[in-house]
Amino acid sequence: MLLRHALLIVLCVFKTAIVSAQTKEYVFINIWDEYQQPTALPIPLAPRTILQPDLNIDAASLQQFKASFPDYANLNIDSQNQLMRTFGVRQTPYRVIVEDGTVVKREALTPVLASSNHVDEKIPLQTLSGKSFAINHVETKYRVLFLSDSLCPFHHLPNCETRVKQNNELASASIYPVITIIKPFYVDIQNARDYQQRFQVQQEIVFDHHNEVFRQFDVHELPYWLVQNQQGQVIYRGNQMPTLPALFH
């Protein structure tokens, strides 16, 4: 009787292991989107495989991303988008749970809302030198905001070094403040300081801890310029350096 009971227990454990092994989770991301708006990865519901669509990607770019972001160490390319087609995935980021080859759960994933690990602890906006910064309060007739990424130079930021150099020249020539705003995703304030030293930035730099400035102005392309008037209104925005005569005299 005891032997039969023991065999039943072993059989149940074995069956559970088989079912578990047949349940898989697939997460599809696009690394170029992740650089701009990282995904909040949910708790895995089964052994997870993370996949990049086989589009506008090469092995070197994939390895560069994985080396920078260890959470994606098992990221692979979905060769010829076979799994995306098999599971009917038409967007990223996206998750599917598969049991015995059948999709039993699917969901679009959402981006992280803030870079801070303690979202409730609001860090006020200020420059690296300790001066307070207000998004809509401009003390001078004009103010230039240069929204950039401390990961520059990087493959997902084409021409970023050239634009940083242009902005340094603009800051030297402009009679109004030029302030660099650093995106917070995947980095911390030390990265902003490293950026300042690497590019010999003389103007003020703000590390946007909670992505407030980027959300306020709905900026998704980097590097990017904004020019505000004294009322805080945006009178210029674009990926080309502003050449408004009013900035220089």
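In the block above lies the structure referred to throughout.
Below is a short write-up of the structure.

Parameters at a glance
Residues numbered from 1 in each chain as written. Predicted model: local features only at pLDDT ≥ 70, side-chain atom pairs only at ≥ 80, totals over all residues. Heavy atoms only, no water. Pairing = 2+ DSSP bridges. Helix = DSSP H or I, 4+ residues; strand = E, 2+ residues; numbered from the N terminus. Axes fitted to C-alpha atoms, helices over the stretch in contact; angles between N-to-C directions. Contact = heavy atoms within 4.5 Å. Core = buried A, V, L, I, M, F, W, Y, C linked by side-chain atoms within 4.5 Å. Buried < 20%, exposed > 50% of the residue type's maximum accessible area, 1.4 Å probe, protein only. Disulfide = S-S within 2.5 Å. Expected span 1.5 Å × (residues − 1). Arc of directions from axis to C-beta. Polar contact = N/O pair within 3.5 Å; in protein donor to acceptor, adjacent residues only side chain to side chain. 1 Å grid on protein atoms, 1.4 Å probe; cavity = no way out; pocket = protein on both sides within 12 Å on 5 of 7 lines; lining within 4 Å. Points joined across faces, edges and corners; volume = space filled by probe spheres on them. Nonpolar A, V, L, I, M, F, W, Y, C, P; charged D, E, K, R; others polar.

In space, the five strands of this open sheet follow the order β8-β7-β6-β9-β10, with mixed pairing throughout. The open sheet has two edge strands with one neighbour each: β8 (205–207) and β10 (234–238). Ignoring strand direction, the axes of neighbouring strands in this sheet form an average angle of 20°. Judged from the six bridges that link them, strand β6 (residues 142–148) and strand β9 (residues 224–229) form a sheet pairing that is antiparallel. Residue pairing for β9: Arg 143 is matched across the bridge by Gln 228. Packed on one face of the sheet, helix α5 (residues 160–173) meets β6, β7 (178–182) and β9 and runs near 160° to β6. Contacting β6, β7 and β8, helix α6 (residues 189–198) runs over the sheet at an angle of about 160° to β8.

By size, the foremost hydrophobic cluster in this structure holds 52 residues, and its most contacted members are Phe 133, Leu 147 and Ile 181. No other element matches the five residues that β6 contributes to this core. Contacts of Ile 181, omitting those with residues within four sequence positions, involve Phe 133, Leu 145, Phe 146, Leu 147, Ser 148, Val 206, Asp 208, Val 213 and Phe 214. Membership of the second largest hydrophobic core comes to nine residues, among which are Tyr 26, Val 89, Val 96 and Val 98.

Once that is clear, we can look at the state of the cysteines. Evaluation of the coordinates by the stated rule reveals one disulfide. Linked covalently through their sulfurs, Cys 152 and Cys 160 form a disulfide whose S-S length is 2.1 Å. Every disulfide takes its handedness from the sign of the S-S torsion; for Cys 152 and Cys 160 that torsion is 90°, giving right-handed.

Moving on, we come to α5. The end-to-end C-alpha separation of α5 is 20 Å, in line with the 20 Å expected for 14 residues at 1.5 Å each. All of the buried residues along α5 are Cys 160, Arg 163, Val 164, Asn 167, Asn 168 and Leu 170. The buried residues of α5 occupy an angular sector of 160° when the element is viewed end-on, so they sit on one face. For α5, exposure combined with an orientation more than 90 degrees from the buried face picks out Lys 165 and Ser 172. Elements in contact with the buried residues of α5: β6, β7, α6 and β9.

Take Asn 167: it is sitting in helix α5. For Asn 167, a relative accessible area of 0% gives the class buried. At 2.8 Å, the side chain of Asn 167 forms a polar contact with the side chain of Trp 225. Leaving out residues up to four positions away in the same chain, Asn 167 has contacts with Phe 146, Val 178, Thr 180, Gln 203 and Trp 225.

What follows deals with the layout of surface pockets. Considered as a void within the structure, the largest pocket measures approximately 350 Å³ in volume. Residue lining of the largest pocket: 15 residues in total, with Ser 132, Phe 133, Glu 139, Arg 143 and Ile 179 positioned closest to the centre. By residue class, the composition of the lining of the largest pocket is six nonpolar, five polar and four charged.

The element strand β1 (residues 23–28) is largely enclosed, with a buried count of five among its six residues. Pairing of β1 with strand β2 (residues 48–53) involves four bridges; the strand directions are parallel. Looking across to β2, one finds that Val 27 is bridged to Ile 50.

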